[in-house]
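Geometric and topological summary
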Amino acid sequence: MAKVTIDGVEMEVPDGTTILNAARSVGGDIVPPAMCYYSKLEGSGGKCRTCLVKVSQGSTNDPRPMPKLVPSCRTTVMDGMVVENITSPEVLEARKGVVEFLLINHPLDCPICDQAGECDLQNLGYKHGAAATRYEEERRTYKKIDIGDKIKLHMDRCILCYRCTYVADQVADGDRCHGIINRGDHAEISTYIEKAIDSDFSGNMIDVCPVGALTDKTARFGSRVWFTKPMDAHRDCENPKCSGKVVVWEKGEEILRVTGRKDAYHEVEEFICNTCRFEKKKVSDWVIEGPRHINNKSVISANHYEHLKDIKEDIEKYQKQVAANINKA
Ligand code: SF4
Ligand code: FES
């Protein structure tokens, strides 16, 4: 086991744990943002640099600081390591720079993007970005591409996190036909001559995409996400590899889209098959379990009736307390 301190919070984690996962084991503000790391996808991380942290003490045996900021998703802890995340002005400054780089080519089309309201880049931009861009050159633009008949790739928005290529490799069955071609400014996601991905699990690329580059064609432009009602639901899926546990996004009596269930770090708990995602859009297809708790400080929770329930309970509690105090007096 290794003792590590992140932003003044001490914790003990198994040897070999990354700084990011050590921080996640405690949770809260000490957790660095992550745009490319995905705990369920082997090899992910190390691409986006949003998770940079400062190691101000390497270990008990060698207390020298690390000479430059390190990606917390790829750096493992050492016993006695001291890490600074949001307590380091240097880290915050670097993160601002990373956001600026990520936004160099990313269009600011949030008002019409399907990912708005649940976009990690949007959240990151608000938290760590600058109000204006210094970029004056022309942005890269691409034609929209169909990846199979259910997924649309909007390459302009892609931040090259590689997550979808890992899904193609590790989650979707069949021959790999999805990856990144070219390098540097020319790098782009491709299905090699736009070959459709037939795998039953290809839809998971949409869920892992941190921005709106991969969207569900069966739900595109259906509604702003904050006007929908996320509900946990399940069904007995005929695909043995699919748990059938999903979130259905309802508007009135209609199910507009179906996604995997995401945790506090926006990672799906279990990957789901394309039949559940794209073809089961009737309420009668699902056993509805109840409202989904959206943990992220997301605009989606702004509409939450759950919060109203909490407020109602608080008011009742205070009313009882006031009544008890009056009776006592
Ligand atoms: S399309 Fe999305 S998931 Fe794929 S590399 Fe680009 S940003 Fe990442
Ligand atoms: S999350 Fe660590 S580099 Fe992207």
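Reference entry: report on the structure contained in this document. Per-chain numbering applies: the sequence of each chain, read as written, is numbered from 1 onward. Chains carry letters and ligands carry numbers; both start at the beginning, A for chains and 1 for ligands, and go up in the order they are written. Under the rules for a predicted model, residues below a pLDDT of 70 receive no local features and side-chain atom pairs below 80 are neither given nor counted, while totals for whole chains, interfaces and linings still include all residues.

1. So, helix α2 (residues 89-102)
By definition, any uninterrupted DSSP run of H or I lasting at least four residues is a helix, any uninterrupted run of E lasting at least two residues is a strand, and each is numbered from the N terminus. An expected span of 1.5 Å times one less than the residue number is assigned to each helix. The end-to-end C-alpha distance of α2 is 20 Å, a good match for the 20 Å that 14 residues give at a rise of 1.5 Å each. Neighbour density around each residue's C-beta defines its exposure: 20 or more other C-beta atoms within 10 Å make it buried, 12 or fewer make it exposed, and counts between make it partly exposed, where C-beta atoms are placed from the backbone. Buried within α2 are the following residues: Val91, Arg95, Val99 and Leu102. Along α2, the residues classed as buried sweep out an arc of 80 degrees about the axis, all on the same side. What points out from α2, more than 90 degrees from its buried face, is the exposed set Pro89 and Glu93. Those residues of α2 hidden inside the fold are in contact with β3 (52-57), β5 (81-84) and α3 (120-128). Relevant arc is that of directions from the helix axis to the C-beta atoms, nothing else. Here, residue contact means that the backbone-derived C-beta atoms of the two residues sit within 7 Å.

2. Let's talk about unusual backbone geometry
Unlike most non-glycine residues, Leu160 shows phi in positive territory, near 55 degrees. Notably, Phe221 is not glycine yet its phi reads approximately 55 degrees, a positive angle. Secondary-structure assignment places Phe221 in the loop between β10 (214-216) and β11 (229-234). Phe221 sits in the exposed class, given 10 other C-beta atoms within 10 Å.

3. Some remarks on the environment of Gly260
Residue placement: Gly260 occurs in the loop between β13 (254-259) and α6 (274-279). Once the C-alpha coordinates of Gly260 and Ile206 are considered, the two residues, 54 residues apart in sequence, prove to be 9.8 Å apart. Excluding residues that lie within four positions of it along the chain, Gly260 makes contacts with Asn204, Asp207, Val246, Val268, Glu269, Glu270, Phe271 and Ile272.

4. Structural notes on the packing of α2 against α3
Helix-helix packing is described using two parameters, namely the angle between the two axes and the distance between the axes. Where α2 meets α3, the closest approach of the two axes is 10 Å, and the angle between their N-to-C directions is 135 degrees. Between α2 and α3, the angle falls in the class oblique. At the point where α2 passes α3, the crossing takes the left-handed sense. On α3, the residues that touch Leu92, Arg95, Lys96, Val99 and Leu102 of α2 are Leu121, Leu124, Gly125 and His128. Here an axis means a line fitted to C-alpha atoms, over the contact stretch when the element is a helix, while the angle between two N-to-C directions is reported on a 0 to 180 degree scale. With respect to orientation, any angle under 35 degrees is reported as roughly parallel, any angle over 145 as roughly antiparallel, any angle of 65 to 115 as roughly perpendicular, and every other angle as oblique. In this scheme, a crossing is called left-handed if the near helix is turned counterclockwise away from the far one by less than a right angle; it is called right-handed if the turn is clockwise.

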